[in-house]
Amino acid sequence: MAQHNPWPDEGNTGHIWDEDLRELDNPPPLWWMLAFYAGLIMIVFYAVYYPTIPLVDSHTKGVAGWTQVEEYKEDFEVLNNWRERTFAAEEEKLASMDVADIIKDDELRAYAVATSKVLFGDYCMACHGANGSGNPNFPVLADDNWLWGGSVKQIEASLEKGRVGNMPAKGMMGNLNDEEIGQVADYVIALAADEADSEQYAAGKAIYNGKGLCMACHGPQGKPVAPNGATNLTGSIPRFVGVPGNLQADRRDSVIHTITYGVNVKKDGNYLPETRRAEMPSFKERLPDADVNIKRLAIYVHELGGGQ
Ligand code: HEC
Ligand code: HEC
């Protein structure tokens, strides 16, 4: 800053930088002051007109009686009325037709899929992942392996009734020892890798078809003969990953855990703490307009990629 002021008469503040850069003391322009006062008036107007000032346990309501929630509700109703008028014919058909017929109609099918995305996001995605791509220990819906069947009627039934699979601990009779469980686990892993015919898995294969009676549910070649809730063991995507408390545990430990503790196994009316839990809730009571929305979602899931 300079020591003395070479421009004493121009009304500068005496602050001078870089020899000639001065701070002047001019009044603000008129337009700026007008805008400033207009702003003050608007503040008072808004404060009186809209809900504004916080009180101890509420706030001033404003003379306009406006609330954001009210406005949202009004807009929503306008949109809903428009939707109902525009898609009345489609909704009527979804309500009255059978899913098996709806899915054969290209336009209705596309309509059902398009109107399911938000529903799926709200009600299904938390468990089944975006677009049904699965989450650890929740089944993938976008592949062609089905626990309970992939026809649109079977999918509809899964949604309507819910599904709870059951696998006894330690084989059908509950009598496999740790060594046998290890052998049958190796055989199961080989089934998924398509190497199960190798001589080294003969012991596991014998247990699978004999003492463990695994084939009763999982089918003689690892594929259930008819959908019964059991996993297709030849599929490339594991149904369960890790062990409870450690999702990183390797595949063999994971399979051994499933065989040792079973799926949804109860003792004295309570689930065993270590058993695999697999429960698809019924959506009959959970979904709004369930009779139409279950059909819509069944078609959506069927179209995700793996429908049969
Ligand atoms: C709380 C978690 C959860 C939610 C929410 C959920 N599901 Fe499921 N779903 C499961 C589980 C677990 C299974 C596997 C049941 C079993 O193993 O028997 C399943 C199974 C299914 C199946 C059968 C899959 C097959 O392979 O046969 C379908 C279809 C399905 N769900 C669709 C849906 C749809 C559509 C929604 C949304 C309306 C939904 N689910 C919401 C957990 C859930
Ligand atoms: C009473 C029917 C039943 C029997 C018997 C049965 N399972 Fe299962 N198994 C199931 C069901 C149900 C599931 C779980 C399906 C689901 O919820 O996704 C399952 C799941 C599995 C899984 C998990 C698959 C994965 O990818 O994580 C393995 C492994 C398995 N079973 C192996 C066996 C073996 C080995 C035996 C014989 C010792 C056997 N199961 C006997 C019904 C059965």
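Structure: see above.
These notes cover the structure that comes with them. All figures in this text were calculated on a predicted structure; none of them were measured in a lab. (Residues numbered from 1 in each chain as written. Chains lettered and ligands numbered in written order. Predicted model: local features only at pLDDT ≥ 70, side-chain atom pairs only at ≥ 80, totals over all residues. Heavy atoms only, no water.)

**Section: the environment of Pro238**
Spelled out, the test is: The helix count covers DSSP runs of H or I at least four residues long, the strand count covers runs of E at least two residues long, and both are numbered beginning at the N terminus. Throughout this description, buried means an accessible area under 20% of the type-specific maximum (1.4 Å probe, protein chains only), exposed means over 50%, and partly exposed covers the range between.
As for its position among the elements, Pro238 is in the loop between α11 (215-218) and α12 (251-261). A relative accessible area of 33% means that Pro238 is categorised as partly exposed. A sequence separation of 49 residues divides Pro238 from Ile189, and the C-alpha atoms of the two residues are 9.8 Å apart.

**With respect to the coordination of the iron atom of ligand 1**
What counts, and what does not: Only nitrogen, oxygen and sulfur atoms qualify as donors, provided they sit within 2.8 Å of the metal or within 3.2 Å for Na, K and Ca; with water excluded from the atoms, sites may seem incomplete. For a four-donor site, all angles between 85 and 135 degrees give tetrahedral; for four or six donors, opposite pairs above 155 degrees with the remaining angles between 65 and 115 give square planar or octahedral; all remaining cases count as irregular.
Distances from the iron atom of ligand 1 to its protein donors, His128 (NE2) and Met280 (SD), fall within 2.0 to 2.1 Å. In this structure, the iron atom of ligand 1 is surrounded by six donor atoms whose angles at the metal cover 88 to 178 degrees, and the resulting shape is octahedral. Here the residue His128 occupies a position in helix α7 (residues 125-128), and Met280 occupies one in strand β6 (residues 279-280), the gap between them amounting to 152 residues.

**Structural notes on the site of ligand 2**
The test is simple: Consider each residue's heavy atoms; a residue with any of them within 4 Å of a molecule or strand counts as near. Between N or O atoms, a polar contact is any pair within 3.5 Å; within protein, one atom must be a potential hydrogen donor and the other a potential acceptor, and residues adjacent in sequence are included only when both atoms are from side chains. Under the grouping applied here, Gly and all other residues not named as nonpolar or charged are polar, the nonpolar ones being Ala, Val, Leu, Ile, Met, Phe, Trp, Tyr, Cys and Pro and the charged ones Asp, Glu, Lys and Arg.
Near ligand 2 lie 28 residues; those nearest to it are Met167, Cys214, Cys217, His218 and Arg239. For ligand 2, an oxygen atom lies 3.0 Å from a polar atom in the side chain of Arg251. Class assignment for the residues of the shell around ligand 2 results in 18 nonpolar, eight polar and two charged.

**Topic: the environment of Lys61**
As a reminder, the rule being used: Contacts between residues were defined by any pair of non-hydrogen atoms, one from each residue, lying within 4.5 Å.
Among the structural elements, Lys61 can be located in the loop between α1 (30-49) and α2 (68-86). Those residues in contact with Lys61, other than ones at most four positions away along the chain, are Tyr50 and Pro51. A polar atom in the side chain of Lys61 sits 3.2 Å from the backbone oxygen of His59.

**Comments concerning the site of ligand 1**
Not every one of the 25 residues close to ligand 1 is listed here, only the nearest: Cys124, Cys127, His128, Leu147 and Met280. The separation between an oxygen atom of ligand 1 and a polar main-chain atom of Leu147 is 2.7 Å. Within the backbone of Trp148, one N or O atom sits 2.8 Å away from an oxygen atom of ligand 1. Those elements that place two or more of their residues in the shell around ligand 1 are α7, α8 (152-161), β3 (163-164), β6 and α13 (290-303). When residues of the shell around ligand 1 are assigned to their parent elements, the largest contribution, three residues, is made by α8.

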